[in-house]
Amino acid sequence: MAERSIAILTKETDDFLQSEASRSAVGMMLRGHTPSLFIIDADCNIDYKDVAENLEWIVDSDGIVASNNKDNTSKSEHITYMSIEDIAEKILESDFIVPF
């Protein structure tokens, strides 16, 4: 199977659902795809379960972890700030888009 780029979008404020979005991205990475996680209009809780580790794995696999919420960038070195317009451009470059 050829490697695909996958954009996972989450606007969830629920810690469990954010964790599941990051876990799903890692699962896609383990299948040979390049996942990116975009956290839109929400605070990210990197202290919940394995979120911090998942974000590190995504970035280490050449994926992107980005948010349009500037406060998230101070929570983890793996989260970068992107405007909503820049996020939209990155999403359109992906082979698949998964809203979470």
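Above this text you will find the structure in question.
Residues numbered from 1 in each chain as written. Predicted model: local features only at pLDDT ≥ 70, side-chain atom pairs only at ≥ 80, totals over all residues. Heavy atoms only, no water.

Considering the nonpolar core
Counting 16 residues, the largest nonpolar core has Leu37, Cys44, Leu55 and Ile58 as its most contacted members. Of all the secondary structure elements, the ones that give two or more residues to this core are strand 1 (5-10), helix 1 (15-30), strand 2 (34-39) and helix 2 (51-60). Aside from chain neighbours lying at most four places away, what touches Cys44 is Gln18, Ile39, Val51, Leu55, Asn72, Lys75 and Ile79. (Core = buried A, V, L, I, M, F, W, Y, C linked by side-chain atoms within 4.5 Å. Buried < 20%, exposed > 50% of the residue type's maximum accessible area, 1.4 Å probe, protein only. Helix = DSSP H or I, 4+ residues; strand = E, 2+ residues; numbered from the N terminus. Contact = heavy atoms within 4.5 Å.)

A word on the pairing of strand 1
Sheet faces and side chains relate simply in a regular strand, where the side chains alternate between the two faces. For strand 1, the tally of buried residues reaches five of six residues, placing the bulk of the element in the interior. Where strand 1 and strand 2 come together, six bridges link them in parallel fashion. When the bridges of strand 2 are listed, Ser5 appears paired with Thr34. Chirality of the crossover, the property in question, places the unit of strand 1, helix 1 and strand 2 among those that are right-handed. In terms of strand pairing, strand 1 meets strand 5 (residues 96-99) through four bridges, oriented parallel. Bridge pairing in strand 5 links Ile8 to Val98. (Pairing = 2+ DSSP bridges. Right-handed = clockwise from strand over helix to strand, strands pointing away.)

Observations regarding a negative patch on the surface
Together, Glu3, Asp50, Glu53, Glu56, Asp60, Asp62 and Glu77 make up a negatively charged patch on the protein surface. Position of Glu77 among the secondary structure elements: in the loop between strand 3 (65-67) and strand 4 (80-81). (Patch = residues over 30% accessible without salt bridge, like charges linked within 9 Å, V, L, I, M, F, W, Y side chains within 5 Å. Areas by Shrake-Rupley, 256 points an atom, 1.4 Å probe, with all protein chains shown as cover. Salt bridge = Lys/Arg side-chain N within 4 Å of Asp/Glu carboxyl O. Lys, Arg positive; Asp, Glu negative; His and termini not counted. Charge placed at Lys NZ, Arg CZ, Asp CG, Glu CD.)

Comments concerning the sheet that holds strand 3
Sheets are built from strands paired through backbone hydrogen bonds, the pairs being either parallel or antiparallel. Ordered by their spatial adjacency, five strands build an open sheet running 4-3-2-1-5, and the pairing between neighbours is parallel. Looking at the sheet topology across the chains shown, the edges are occupied by strand 4 and strand 5. The strands touched by helix 2 within the sheet are strand 2 and strand 3, with strand 2 carrying the most contacts at an inclination of about 130°. Its contacts with the sheet put helix 3 (residues 84-92) on strand 1, strand 2, strand 3 and strand 5, and the angle it makes with strand 2 is roughly 155°. (Axes fitted to C-alpha atoms, helices over the stretch in contact; angles between N-to-C directions.)

Quick word on the environment of Phe16
Residue placement: Phe16 occurs in helix 1. The partly exposed category is assigned to Phe16, whose relative accessible area is 39%. Sequence separation of Phe16 and Lys70 is 54 residues, and the distance between their C-alpha atoms is 21 Å.

Brief notes about the side chain of Asn69
The topology assignment puts Asn69 in the loop between strand 3 and strand 4. On the basis of relative accessibility, which here comes to 16%, the residue Asn69 falls in the buried class. Side chain to side chain, Asn69 and Asp43 meet in a polar contact 2.8 Å long. A distance of 3.0 Å separates a polar side-chain atom of Asn69 from the backbone nitrogen of Asp71. Residues within four places of Asn69 in sequence aside, it is in contact with Ala42, Asp43 and Tyr81. (Polar contact = N/O pair within 3.5 Å; in protein donor to acceptor, adjacent residues only side chain to side chain.)

Comments concerning unusual backbone geometry
Not every positive phi belongs to a glycine, and Lys49 is a case in point at roughly 45°. Tracing the backbone through its elements, the reader meets Lys49 in the loop between strand 2 and helix 2. Lys49 gets classed as exposed once you look at its relative accessible area, which sits at 59%. At Asp62, a residue that is not glycine, the phi angle is positive and equals roughly 75°. Secondary-structure assignment places Asp62 in the loop between helix 2 and strand 3.

That is the geometry; function is a separate question.
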